[in-house]
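Below, each chain spelled out in residue letters.
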Amino acid sequence: CWLIELTCVLFHSSRCFCHLLRRREPRMTTIGLNPLPDDRDDSLQPYDNATELTDEEEKELAEIRRRKAELKREIQTLKDEIRAVTAEMEAMENVDEKTDPKAKQANTGRKKFNINAKKGMAYLLEQNLVNDTPEDIAAWLYKTENLDKTRIGEYLGENYEPNLTVLKEFVKLHEIRGLSLVDALRQFLWSFRLPGEAQKIDRMMEAFAQHYSDQNPDVFNSTDTCYVLSFSVIMLNTSLHNPSVKNKPSVDQFVVMNRGLDNGQDLPTDLLISLYDSIKKEPFKVPEEDENDLTQTFFNPEKQGWLTKQGGHHKNWKKRYFVLKDNCLYYFKSPQHKEPKGIVPLELLQVRDALEIKKPYCFEIYSNEGTIKACKLDSEGKVVEGHHSSYRIHADTEEEKDEWVKCIKACIKRDQFYEMLIARKKKVQKTH
């Protein structure tokens, strides 16, 4: 920041310096031609004779020269300091790996885990970098820096006994005693990225509800209450802060929705209002995948390939490379381009054959609620909101079209949180 600021000041000083020099030097004219235009300062009139600077202008010019030299020295000093710090950090890393082979192995294990959680953990255990106990594995996942939080979620979500035991130990590492449910959820959901599968989410939230109830035994009458209310809060967060949700729930609706949760009794209204206000004021911060790591973002997609898409405003057809991944449909100018031209979230959308289109093997992605909430890059490379009421796409063959429609349908699902919330509410009602 200092470097940028100093550069801007230097640039301004240079312009002032050039301005005074132009006033000091004669303007040259040629017989029969107009004087050279000065597009930098309209107030300067062309003249043939040199104009001397006043004493005040001479002082200003000298001050500009002095300040310019001073700024250049400061900029060079900052560059030298940056180079020195960078070299020192690189030297420290090299020394660590040379003097301690374990450090190099640990770094390799972390990189392997960030690519494939299962294989990475196997490497760590094989090299004795992590003790093969649930407590040590959980501590490594919780405390190690620069771990991919998506991979942490994948590992914790596996339905195998060792992973389930690690999940319980991982949850216990969160000190949430005395915290409100919202604040406890903020801490928990920031430590990893929830996986997409409903069964994995269910197991993780079950473990969280049990831990919260153990550390705060006087808040709820049962773990089921904590579980259902946690999902209700997560759904509230989505409803209040997702721009595609038009009808935002009021605090009264939130209170009514959660009646009878606590073993058939109503939770305190003040508690529900405080949860609502907290979420409304500050949404959950959920760890995202590194936006620059496109290799990971589009790794192992559900489907990918060339299709031809109709434009939104201009109804021309253009060939694009499509990638179906994580409930989103991305399209690129070509497979070599790193940035997608557009992104279409598939949640709450539908897909069908577009028989009325003259193009062969055509299908349509559409919404029953009007314009699809999607984004794209405009001609200047800026991200703008799309204007499609539907996306019409055609494939090269009937078989290819059917395969795309099948894969897209598989990605379009109902809200999993909602389904699990309803299921757990029914379970609570049957129990009590």
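Counting of residues starts from 1 at the beginning of each chain's written sequence and follows it residue by residue. Only residues with pLDDT of 70 or above have their local features reported here, since the model is predicted, and side-chain atom pairs are shown and tallied only from 80 upward, although totals for entire chains, interfaces and linings are computed over all residues. With hydrogens and water stripped out, all remaining heavy atoms of the structure feed into the side-chain values.

Chemist: Could you give an account of helix α14 (residues 398-411), naming the residues involved and the relevant values?
Modeler: Between the first and last C-alpha of α14 there are 20 Å, a value that for 14 residues agrees with the 20 Å anticipated at 1.5 Å per step. Burial classes: relative accessible area under 20% of the type maximum marks a residue as buried, over 50% as exposed, and values in between as partly exposed (1.4 Å probe, protein chains only). By the criteria applied, helices consist of DSSP H or I runs no shorter than four residues and strands consist of E runs no shorter than two, each listed in order from the N terminus. Looking at α14, one finds that the buried residues are Lys401, Trp404, Val405, Cys407, Ile408 and Cys411. Buried residues along α14 cover an arc of 165° about the axis, so they all sit on one side. Facing away from the buried side of α14, by more than 90 degrees, are the exposed residues Glu399 and Lys406. Contacts are assigned to residue pairs with any non-hydrogen atoms lying within 4.5 Å of each other. On the buried face of α14, the contacting elements are β1 (303-310), β2 (317-325), β3 (328-332), β5 (350-353) and β6 (362-366). To estimate how far a helix should extend, the number of its residues minus one is multiplied by 1.5 Å. Think of the arc as the fan of directions from the helix axis to the C-beta atoms.

Chemist: Report on the pattern of salt bridges, specifying residues and quantitative values.
Modeler: Note on definitions: salt bridges are taken to be side-chain nitrogens of Lys or Arg within 4 Å of carboxyl oxygens of Asp or Glu. One pass over the full model with this rule turns up 15 salt bridges. The residue arginine 66 makes a salt bridge to glutamate 70 at a minimum N-O spacing of 2.8 Å. Highlighted residues: arginine 66 and glutamate 70, both in helix α2 (residues 55-99), separated by four residues, approximately one helical turn. The partner of arginine 83 in a salt bridge is aspartate 80, with the nearest N and O atoms 2.5 Å apart. With arginine 83 and aspartate 80 both in helix α2 and three residues apart, this pair spans about one turn of that helix. For aspartate 80, a relative accessible area of 38% gives the class partly exposed. Each of Glu63, Arg66, Arg67 and Glu70 takes part in a single network of salt bridges with overlapping partners.

Chemist: Any details on the packing of helix α9 (residues 198-215) against helix α10 (residues 223-241)? Residues and values, ideally.
Modeler: Note on method: axes are straight lines fitted to C-alpha atoms, helices fitted across the in-contact stretch only, with angles between N-to-C directions ranging 0 to 180 degrees. The contact between α9 and α10 brings their axes to 8 Å, and the two run at 120°. The angle between α9 and α10 falls in the class oblique. Note that α9 runs across α10; the crossing there is right-handed. Here Ile201, Asp202, Met205, Glu206, Phe208, Ala209, Gln210, Tyr212 and Ser213 of α9 come into contact with α10, specifically with Thr223, Cys226, Tyr227, Ser230, Phe231 and Ile234. Any residue that is not Ala, Val, Leu, Ile, Met, Phe, Trp, Tyr, Cys, Pro, Asp, Glu, Lys or Arg is counted as polar, Gly included; the first ten are nonpolar and the last four charged. Partitioned by chemical class, the residues of the contact of α9 with α10 number nine nonpolar, four polar and two charged. For this classification, under 35 degrees means roughly parallel, over 145 means roughly antiparallel, 65 to 115 means roughly perpendicular, and everything else is oblique. Each crossing is labelled by how the near helix is turned from the far one, with a counterclockwise turn of less than a right angle marking it left-handed and a clockwise turn marking it right-handed.

Chemist: Just give me the short version of helix α7 (residues 161-172), but keep the residues and values in it.
Modeler: Under the 1.5 Å per step criterion, the end-to-end length of α7 is 17 Å for twelve residues, consistent within 8% with the ideal 16 Å. Every buried residue of α7 is listed here: Asn163, Val166, Leu167, Glu169, Phe170 and Val171. In the core, the buried residues of α7 are packed alongside α5 (134-143), α6 (149-157), α8 (181-190) and α9.

Chemist: Let's hear about the packing of α8 against α10: which residues, and what values?
Modeler: As a packed pair, α8 and α10 sit with axes 11 Å apart at the nearest point and diverge in direction by 75°. As far as their axial angle goes, α10 and α8 are roughly perpendicular. Residues Leu181, Val182, Leu185 and Leu189 of α8 touch α10, and the partners they reach there are Cys226, Leu229, Ser230, Val233 and Ile234. Residue composition of the contact of α8 with α10, grouped by class: eight nonpolar, one polar and no charged.

Chemist: I'd like a description of unusual backbone geometry, backed by residues and values.
Modeler: A positive phi angle, close to 55°, is found at asparagine 128, a residue other than glycine. For asparagine 128, the position within the fold is in the loop between α4 (117-126) and α5. Of note, asparagine 263 is a non-glycine position whose phi angle comes to about 55°, a positive value. Here asparagine 263 shows up in the loop between α11 (251-257) and α12 (269-281).

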